[in-house]
Structure formats: C-alpha cells, structure tokens
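Overview (structure and organization)
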Amino acid sequence: MITLARLVEAAKRDLAPYWPIPLPRVELTGVHVSELEDPTMFLYGGELLLTVGLQLTGLDGDARRDAAKIYVQRLVEGRVAALGLGLGSGHAMVPDELRAACVEAGLPLLTIPRESPFLAVSRAYWELVRQGGEAELTALLGLQVALTRAAAQDDAEPEIVRELSRALGTWVAYLPEGDGTPSSAASGAEFPPGLLAELTRESAILRNARRGATGNIQLASGVASLYPVSDGPAASGYLALGRSGQLAAAERHLFLTASTLLAARAAGQRHAAAERRRAEGMLAALVLEGHDDAARLLAKQMDSGPLPETAFVAVLPDAEQLTMQPALSGLVLERSGVTFVLQSASSAYPRLPKGVRGAWGGPMPLRRLHEIGAQVAEVAASAPAGQLIRVGHGLDLPADEWVDELAARPGHLLETVRAYLAHRGQWEAAGRELGVHRNSVRYRIAQAKELLGADLDDPDVAAQLWLALRGRFQATHKD
C-alpha cells in the first residue's frame, strides 16, 4: 500500500508536509495536477492533488477565505486524499486562508518547493508503484508455486485448500460435487465447528438453483462467499471463502490458480473413474457371454481384485434414471441405454438404488450368470415404473421370508397368492375360491408382486413360493 507518508519519504526533496505532522495513514491511488476550481469530475478518489493555487490568486480578505473554503470542501467531497501546493508560480507562501480551510476540513496539506517540478512527485509515486508491483509479483509467484506443489501431492485437495487459506488469511473450504470428501482449512485458527455441514447445504442449494451460480451467504459464523469450480461444462464443486466482497487482483490470481488445480484434479479423477468403469464393463461383458475364465484372467491383469464365486445380475433399462443416483457398486456395463450390473452375493439382495425400474436374478455361480442374463433383461424391459422385479433364478430364493411378508400385510394377500398359485394363475378360478371378483384378485396379486419384488408367474418363483405356502398351511392345520 502506498501511503502519503511513504510518498513524502520517497520524494523528500520535492514534497514536504505543511499540515499535519505526523501525516495520517492515508492510502494514495494516484497523483493528479489540476488548476480547475472543481477538478473532482476528473478524479476517482484517493489522489494527491497538485496545484499552484490559481483558484485563489487575485483574491483578498473574505473573498479569498470563502474561495479557499469552497475549494477545499469540494476536494473533501470528491474524496481527494491530500492537497499539494506548488510554491513560487502562484504563491510564495501557503495562504493562511487555505491552511485554515484544510485544518477545518481535515485535509492534509503539503508543499512543493519552487525549484521542484510536479513531475518529480509523480515519478516518485510511480516508482513506488513499480517497486510494490515487483514485490507483489514475487510474493504471488511464490504462493502459486506452493499451490502447484500442493497439487502434486497424493492427497492434493486438502493441501491446495490449506495453501490458499494461508495466502488469503481466512478459512477456505472445497466442496466437491458427488461423493467426494470436502476439504477445509483455517488460517491461524481452527475451522469453525459445524461450518462444513452448513456450507455443504448452501452449495447444494446453489447447485440446484443454477449450475455455476455464485453467492454471498450469511452463516451463523459470519458472511462467506461461494464460487463454482469448473473445468468447462462439468462443475467440480464449490470453493468457499470466509469473507465476502470482491477479491484483490493478486488474490484473484491465487484463487483462479487454486480453482484451476482443483478442477484439473476432479477432471483427472472423472477420467480415471470412466476408464475404470469401461474396464469393469469389459469384465461384465465377458461374464455375460459365458467367458468367466477370461474375465478372471483379465481382472488379475488389471489388478482389480478377484471376481466373486457367486453373484447377482441386475438390468436397469433406463440409463437416465441413474443420473441423480449414487454410483452403482459392482461391475457395470452399459449397452444401448441399458445398464447391466453384476454384484457379489454378499447379502440376500443386490444393492440397487430405490425407485429404479428393472429386474434382477441370482445369486448364482459366476460361470452360470450368462444363462439368465437375457431373461433378466427381457423382464426388466417390461417392468413397471419404479419397480424392481426378481427373476426366479438363483441358488436359494427367500420363499419363507416372502410368506412372512405376505402374512404381515393386511388385505388377504397371503390367501390370494396361495389361491392364485394353486389355480396356476387363473384369475376366475382363484376368485371363485376366495369368493371375490377376478379384478380383486388381479389387484391383490399386483400388490404382492410389488411387495416381494418378484414375478409370481416365473416358474421358479411360483414353485418355491408354493412349497413354502404349503409347508406353512400344513403346519397351521397340524397345530
């Protein structure tokens, strides 16, 4: 910052304070020369105004006092930082009226000796600007090098955030898009507790409102600014700063450097994830074509871990339904807008997002999954919206669990399913046995299919569920 005191020190032979001493800490934005009675229309504010005082020449007494007062008042209203009077051409000494007006208005007053040109003062100012620019550039380059080195670390995001926080002197948080882990740092202090969760909520609001939106927000801990981090059409998340308002030029350079590095990291991670999904899709394709041995060999060469012995296969026919869902686990293959998912049979059901449409089968040995892939895809294509249908192929269908679920649900679902299966899917015959209209049977069977996530017309499902129902009814009659 170039202050009035620094300029006086730099131009000590050409500029001397007349009032006050010591000089106040006033920042200068420039040096301007004018003899106009109102030069403020050509000023931005913060300047040292140089003049020989032609505005007061030829005036005496009250006229000079009033003119000086009006002139100084205009300068103050125009946010002039200080007034410099050149002695010799207009006034041999500082007029008392001018000094009194400056004292009354609180405007610093300086003098330029007769032998010193105004140009000497301007040169001294611009030399300070040059020196300050070089120092700022040196510091900026050092900080940018630190940011670049941080980006080369394995855990780059927290390091970049830490360096940016040090450079800006405030807390900084990076909120990546998707499932990425947020990073935060506070310069010289601890990051405020609970702030990260608050920022995550606010960034989600901005992201949903308009992609790329920037916002100044009022938080419990104070005002903050959120800036989108983007490497083009894809947004990588948000950078949050613990202050609002426009950044200074050097700070903008640092922020853009950090933002670019974070966006590049996110783009690289997206590219690596896409390559990994493509490779996993190749493994899934080999399994679904019956080449599980080749898939295991390729997985070993890719160092992606051993493939499971038993697995589920799921088919989701609408790829667009997955855009707002978390990433699918397992081996994922996309073919013409249809998503095939192979998951290890580590639980009773595959791990699939709620509300998606499709079908699934298994668990089965990996070498046999190709036997049911086409049927699962066929069932998935006709699945109702928001429903996952189980295709009845697997090592062990949870028929006893299905019976428990049917028994716990009101509406005579258990009796209706038993009658429906006993009459091999004939609506009229099941309705006569139950004493209800066939449309009631149809409605209840649709409820049962949705509840169980299974196709009751599938022979395997029908057979195992029928055996479980017979066992349950026989046990009830014995009791």
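Residues numbered from 1 in each chain as written. Predicted model: local features only at pLDDT ≥ 70, side-chain atom pairs only at ≥ 80, totals over all residues. Heavy atoms only, no water.

Let us look at the overall build of the protein. Check the secondary structure of the protein and you find 14 helices and 15 strands. Per-residue burial for the protein yields a buried fraction of 43% across its 479 residues. Of the contacts made within the protein by residues no fewer than 6 positions apart, 63% connect residues no fewer than 24 positions apart. For the protein, the exposed surface amounts to about 25400 Å²; the carbon and sulfur share of it is 52%. (Helix = DSSP H or I, 4+ residues; strand = E, 2+ residues; numbered from the N terminus. Buried < 20%, exposed > 50% of the residue type's maximum accessible area, 1.4 Å probe, protein only. Contact = heavy atoms within 4.5 Å. Areas by Shrake-Rupley, 256 points an atom, 1.4 Å probe, with all protein chains shown as cover.)

Take the sheet that holds strand β12 (residues 331-335) next. Across the sheet, five strands lie side by side as β12-β13-β11-β14-β15; this open sheet has mixed pairing. Of all the strands in the sheet, the pair left with one neighbour each is β12 and β15 (388-391). Shown here is a sheet whose adjacent strand axes are inclined to one another by a mean of 20°, direction ignored. The sheet contact formed by strand β11 (residues 310-316) and strand β13 (residues 338-344) spans six bridges and is antiparallel. Within β13, the position partnered with leucine 316 by the bridge is threonine 339. Along the sheet, helix α9 (residues 370-381) makes contact with β11, β13, β14 (358-365) and β15, crossing β14 at roughly 160°. (Pairing = 2+ DSSP bridges. Axes fitted to C-alpha atoms, helices over the stretch in contact; angles between N-to-C directions.)

Attention now moves to the packing of helix α10 (residues 399-408) against helix α11 (residues 413-422). Between α10 and α11, whose axes approach to 7 Å, the crossing angle comes to 130°. Here α11 runs oblique to α10, going by the angle between their axes. Two secondary-structure elements touch here, α10 through Val403, Leu406 and Ala407 and α11 through Leu413, Leu414 and Val417. When grouped by side-chain class, the residues that make up the contact of α10 with α11 number six nonpolar, no polar and no charged. (Parallel < 35°, antiparallel > 145°, perpendicular 65-115°, else oblique. Nonpolar A, V, L, I, M, F, W, Y, C, P; charged D, E, K, R; others polar.)

This paragraph deals with the pairing of β13. The buried count for β13 comes to five of seven residues, which makes it a mostly enclosed element. Hairpin remark: β12 followed by β13, antiparallel, with two residues in the connecting loop; positive phi at serine 336, about 50°.

Quick look at a nonpolar patch on the surface now. Together, Leu36, Met41 and Phe42 make up an exposed nonpolar region whose accessible area comes to about 340 Å². As for its placement among the helices and strands, phenylalanine 42 is situated in the loop between β2 (30-33) and β3 (47-51). You can call phenylalanine 42 exposed: its relative accessible area is 52%. (Patch = residues over 30% accessible without salt bridge, like charges linked within 9 Å, V, L, I, M, F, W, Y side chains within 5 Å. Salt bridge = Lys/Arg side-chain N within 4 Å of Asp/Glu carboxyl O.)

Attention shifts here to the environment of lysine 69. Considering the arrangement of structural elements, one finds lysine 69 in helix α2 (residues 61-77). We classify lysine 69 as partly exposed; its relative accessible area is 46%. For the pair lysine 69 and alanine 105, spaced 36 residues apart in the sequence, the C-alpha separation amounts to 8.5 Å. Setting aside its immediate chain neighbours within four residues, lysine 69 contacts Ala101 and Glu104.

Next up on the list: the pattern of salt bridges. Pairing between side chains of opposite charge can happen when the charged atoms of each approach one another. In total, this model carries 17 salt bridges according to the counting rule given. Across the pair arginine 64 and glutamate 97 runs a salt bridge, and its minimum N-O distance is 3.9 Å. Taken together, the residues arginine 64 in helix α2 and glutamate 97 in helix α3 (residues 96-105) connect sequence positions 33 residues apart. For arginine 64, a relative accessible area of 18% puts it in the buried group. Here arginine 335 and glutamate 289 are joined by a salt bridge, their closest N and O atoms 3.6 Å apart. In this pair, arginine 335 sits in strand β12 while glutamate 289 sits in the loop between α7 (249-288) and α8 (292-302), placing the two residues 46 residues apart along the sequence. When its relative accessible area of 47% is taken as the criterion, glutamate 289 is described as partly exposed.

Our focus in this paragraph is the sheet that holds β3. Taken together, the five strands give an open sheet; going across it, the order is β1-β5-β4-β3-β2, and neighbouring strands pair in mixed fashion. Every other strand in the sheet has two partners, leaving β1 (16-19) and β2 as the edge strands with one partner each. Strand after strand, the sheet turns through a mean of 30° between neighbouring axes, direction not considered. Sheet topology places β3 next to strand β4 (residues 82-86); four bridges connect them, and they run parallel. Paired with threonine 51 across the two strands is leucine 85, which belongs to β4. Taken strand by strand, α3 contacts β1, β4 and β5 (109-112), and its axis lies near 80° from that of β1.

Once that is clear, we can look at the packing of aromatic side chains. Tallied over the entire structure, the rule returns three aromatic pairs. Note on tyrosine 125 and tryptophan 126: the rings are 5.1 Å apart at their centroids and 80° apart in plane angle, and the pair reads as edge-to-face. When its relative accessible area of 4% is taken as the criterion, tyrosine 125 is described as buried. Looking at tryptophan 126, the relative accessible area reads 54%, which means it is exposed. Taking 5.6 Å as the distance between ring centres and 80° as the angle between the ring planes, the aromatic pair formed by phenylalanine 312 and tryptophan 360 counts as edge-to-face. You can see phenylalanine 312 sitting in strand β11 and its partner tryptophan 360 sitting in strand β14, a full 48 residues away along the chain. We classify phenylalanine 312 as buried; its relative accessible area is 1%. The positively charged end of arginine 335 is found above the aromatic ring belonging to phenylalanine 340, 5.9 Å away from the centroid. The cationic tip of arginine 442 hangs over the ring face of tryptophan 427; the distance from NZ or CZ to the ring centre is 4.7 Å. (Phe/Tyr/Trp six-rings, centres within 6.5 Å; stacked < 30°, edge-to-face > 60°. Lys NZ or Arg CZ within 6 Å of the ring centre and 35° of its normal.)

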